[in-house]
Amino acid sequence: MSVRVLGLSDLHVGHQPNRTTLEALPASPDDWLVIGGDVGESLAHLEWTLDLLLPRFSRLVWVPGNHELWTTGDPPVGGVAKYERLVAACRERGVLTPEDPYEEVPGTGLTMVPMFLLYDYSFGPEGYSPERAVAWAVEGGILCADESRLRPDPYPSREAWCEARLAYTRARLEALPPGASTILVNHWPLRLDLVRLFRIPRFVPWCGTRQTEDWHVRYGAEVVVSGHLHMRSTDWRDGVRFEEISLGYPRHYDGEKGAAGYVRQLWPPVAAPPPGGFGGPNWHR
């Protein structure tokens, strides 16, 4: 019997309303839950969330978002050292991370692929350097807090860390058996055309990398999962389903629905393909 794969990201449990709504999330003990990043800013936020959810699901899968990677603590810990502490906390609890062997979801034939890829500013205007992309965003009144809070140590820059993560993840994906079908999970969207930020369009430089635009085809994805945008959607590209699964800050969701109202079923699919088939316009919900 196959299990369901459910997903929710951007829990932001540093906000008390989010903690309260997450505490009310019903158990689904036969199913897997994908946690798509931005659980909170501290190791304590992640540990609290995992300890809350572990008894409620058969398997947890976690990928980091930018908020988890912010430098926190006294003394401050950031960069790769912070990421490694987060991974260690997950492993102590048996939670699947981007550093662990990929696993097949029981009864589905699908390989679960949690990824940590970061961003390289290339979602900004084409041809812009990272510095110019940031300046372009600032001209529009936007500056991501990552610029002061997400240290890339020991890498010289966030884009250098992104490049290293891309190389590491490509090598692992290319080692999968030929014809493997996957569920790809990353906090940041894999495609620029899925970034819809109507109120803050110049936030895009911090939303991903153009180097992953074809990964859904190249690596046999049945569904691609992301968060980060706080703009829930279902999209189809090349016959592959893309799910944005954010909860978001308290202002981004209806508290009366609770977290249960925003959990996405990632597998088996519940979203229908676009009317008229995949040859028509791209479709999203």
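Bear in mind that the values here come from a model prediction, so they are computed numbers and not experimental data.

Before going further, it helps to spend a moment on unusual backbone geometry. Residue P154 is bonded to the preceding D153 through a cis peptide linkage, with omega at 5°. Among the structural elements, P154 can be located in the loop between α5 (146–149) and α6 (158–174). Cis rather than trans, the peptide bond between W267 and P268 has omega equal to -5°. Counting through the fold element by element, P268 comes out in the segment after β10 (264–267). For H12, which is not glycine, the phi dihedral falls at a positive 45°. Within the secondary structure, H12 is located in the loop between β1 (5–8) and α1 (16–23). Non-glycine residue H230 carries a positive phi angle of around 55°. Relative to the elements of secondary structure, H230 occurs in the loop between β7 (221–226) and β8 (233–237). Overall, the relative accessible area of 11% leaves H230 in the buried class.

Structurally, the position occupied by T49 is in helix α2 (residues 43–53). For T49, a relative accessible area of 0% puts it in the buried group.

It is worth spelling out the pattern of salt bridges at this point. Scanning the entire structure with this criterion turns up 17 salt bridges. Of the charged contacts, one joins R59 and E103 as a salt bridge, the two residues approaching to 2.4 Å between their closest N and O atoms. Separated by 44 residues along the polypeptide, R59 in strand β3 (residues 57–62) and E103 in strand β4 (residues 103–105) bring together distant segments of the chain. Its relative accessible area of 18% is what places R59 among the buried residues. A salt bridge links R165 to E99; its shortest N-O distance comes to 2.8 Å. In this pair, R165 is assigned in helix α6 and E99 in the loop between α3 (79–92) and β4, connecting sequence segments 66 residues apart. Shared partners join several salt bridges into a network, and the residues in it are R191, D193, R196, E213, D235 and R237.

Going residue by residue along β1, you find V5 and G7 tucked away on one face and L6 and L8 tucked away on the opposite face as well. In this sheet, strand β2 (residues 28–35) lies alongside β1 in parallel orientation, the contact comprising four bridges. Opposite L8, over in β2, you have I35 as the bridge partner. Regarding topology, α1 serves as the crossover connection from β1 to the parallel β2, and that connection is right-handed. Here β1 pairs with β10 via three bridges, running antiparallel. From the neighbouring strand, L6 faces β10, where its bridge partner is Q265.

Parameters at a glance
- Residues numbered from 1 in each chain as written.
- Predicted model: local features only at pLDDT ≥ 70, side-chain atom pairs only at ≥ 80, totals over all residues.
- Heavy atoms only, no water.
- Helix = DSSP H or I, 4+ residues; strand = E, 2+ residues; numbered from the N terminus.
- Buried < 20%, exposed > 50% of the residue type's maximum accessible area, 1.4 Å probe, protein only.
- Salt bridge = Lys/Arg side-chain N within 4 Å of Asp/Glu carboxyl O.
- Pairing = 2+ DSSP bridges.
- Right-handed = clockwise from strand over helix to strand, strands pointing away.

Bear in mind that shape data such as this cannot, by itself, settle questions of function.
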